[in-house]
Amino acid sequence: MSTPNPPFQTALLAGALAGTTVDLSLFPLDTLKTRLQSSAGFFASGGFRGIYRGIGSALVGSAPGAAFFFCTYEASKSALSARRRRRDPSDSSSSTALDHMLAASLGEIAACSVRVPTEVIKQRAQAGRHGGSSLSSLLAILSQRSAIGLPGVWRELYRGWGITVLREVPFTVIQFPLWEALRAWGRERRQRTGAGLFGDVVVVGVAASHHHHHHSAAEVSAAESGLYGSLSGAVAAAITTPLDVLKTRVMLSAQRESVLSVVRAILRDHGVRPFFAGIGPRVMWISAGGAIFLGSYQWAVNTLERRPRL
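Keep in mind that this is a model prediction, so the values were computed, not measured. (Residues numbered from 1 in each chain as written. Predicted model: local features only at pLDDT ≥ 70, side-chain atom pairs only at ≥ 80, totals over all residues. Heavy atoms only, no water.)

## Focus: the confidence of the model for the protein
Regions with low pLDDT carry predicted coordinates that are not meant to be interpreted in detail.
Item 1. Mean pLDDT over the protein: 80, with 88% of residues reaching 70 or higher.
Item 2. Mean pLDDT per element in the protein: helix α8 (residues 205–210) is the minimum at 35, and helix α9 (residues 222–252) is the maximum at 88.
Item 3. Throughout residues 201–218 the model reports pLDDT below 50, and contacts reaching past four residues in sequence, or to other chains, amount to 27 contacts. (pLDDT = per-residue confidence, 0-100. Helix = DSSP H or I, 4+ residues; strand = E, 2+ residues; numbered from the N terminus. Contact = heavy atoms within 4.5 Å.)

## A closer look at the environment of alanine 237
Item 1. Within the fold, alanine 237 resides in helix α9.
Item 2. Judged by its relative accessible area of 0%, alanine 237 falls in the buried class.
Item 3. C-alpha of alanine 237 to C-alpha of proline 170: the two residues are 67 residues apart in sequence and 9.9 Å apart in space.
Item 4. Those residues in contact with alanine 237 that sit more than four places away from it in its chain are Phe171, Arg282, Val283 and Ile286. (Buried < 20%, exposed > 50% of the residue type's maximum accessible area, 1.4 Å probe, protein only.)

## Description of the side chain of serine 134
Item 1. Along the chain, serine 134 falls in helix α5 (residues 134–142).
Item 2. A polar contact of 3.2 Å, which involves the side chain of serine 134, links it to the backbone oxygen of glycine 54.
Item 3. Among residues more than four places away in sequence, those in contact with serine 134 are Gly54, Ile55, Gly56, Ser57, Ile121 and Ala125. (Polar contact = N/O pair within 3.5 Å; in protein donor to acceptor, adjacent residues only side chain to side chain.)

## Description of empty space enclosed by the protein
Item 1. Tallying each qualifying case throughout the model produces 1 cavity of 30 Å³ or more.
Item 2. In this structure, the largest cavity spans a volume of roughly 660 Å³.
Item 3. Taken together, 28 residues make up the lining of the largest cavity; nearest its centre are Val22, Asp23, Arg115, Glu168 and Trp285.
Item 4. Listing elements by their share of the lining of the largest cavity, those giving two or more residues are α1 (8–25), α2 (27–37), α3 (55–87), α4 (97–126), α7 (161–193) and α11 (279–306).
Item 5. Taken together, the residues that form the lining of the largest cavity break down as 11 nonpolar, 8 polar and 9 charged. (1 Å grid on protein atoms, 1.4 Å probe; cavity = no way out; pocket = protein on both sides within 12 Å on 5 of 7 lines; lining within 4 Å. Points joined across faces, edges and corners; volume = space filled by probe spheres on them. Nonpolar A, V, L, I, M, F, W, Y, C, P; charged D, E, K, R; others polar.)

## Re the layout of surface pockets
Item 1. The calculated volume of the second largest pocket comes to roughly 220 Å³.
Item 2. What lines the second largest pocket is a set of 15 residues, and nearest its centre among them are Ser39, Arg249, Ser253, Glu257 and Val262.
Item 3. A total of 5 residues in the lining of the second largest pocket trace back to one element, the largest contributor, which is helix α10 (residues 259–270).

Structure (structure tokens):
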């Protein structure tokens, strides 16, 4: 039985809401993680002081970044399953794990166009560069225009683009199929037992009366989706921490450095340990973030789907 993908405006609104909720509620953990990973060291980068530095950048970037992600994700998922059905009309399965991986990777690449510049500005503010605010970080980058020209400023804003995509894609390829599989398991379990994981009774009738093919959208509750998001996020976060460390170092380094030279420098000076710097806050942050992000996304989808369409 296939779950229909939520329509475009639902994905847009739900995604924007989810992104902003996560970034605001978990910002302090993110700051601590950036400082633990910075080559200057935790206390030199600000320690426990000013943990909301860079919040402005996160505020501006999180809604469009997350909305970009979900719109691309849902659209790619629909396109991929439509293509499969054209090739094999008897194939009634909803999207496969491979579809989810591909769709989520495309979603990440789209989101990175917004996320990378806001992340560069945010991390520099978090590490106390340029006076420690998003605006001063942005102005510091823009003020280099006379020295490096507009393309140089552009490159500086998108510094770490490659490593960010390199971190996000494996992360997403682990997290999203896991999340979708857990949700499918939850739906299947709910059909068998007639109750959700948290004992909530299924409210299917409401949605079904408006448009019958959405009957499965309301079957996974927001809390359940959040729990699955949290589990899948924690697994993906732990595995991709080394890539995250590299991304932080590339974005914070004084001069542009290649990822390889950063890897060599870390291994030469400290061995493997720094690659797992900040793994505690990162797993906590992403596991909580996954719960809030995918939980509020599901909540928004369920809520928007229940409204009678005009």
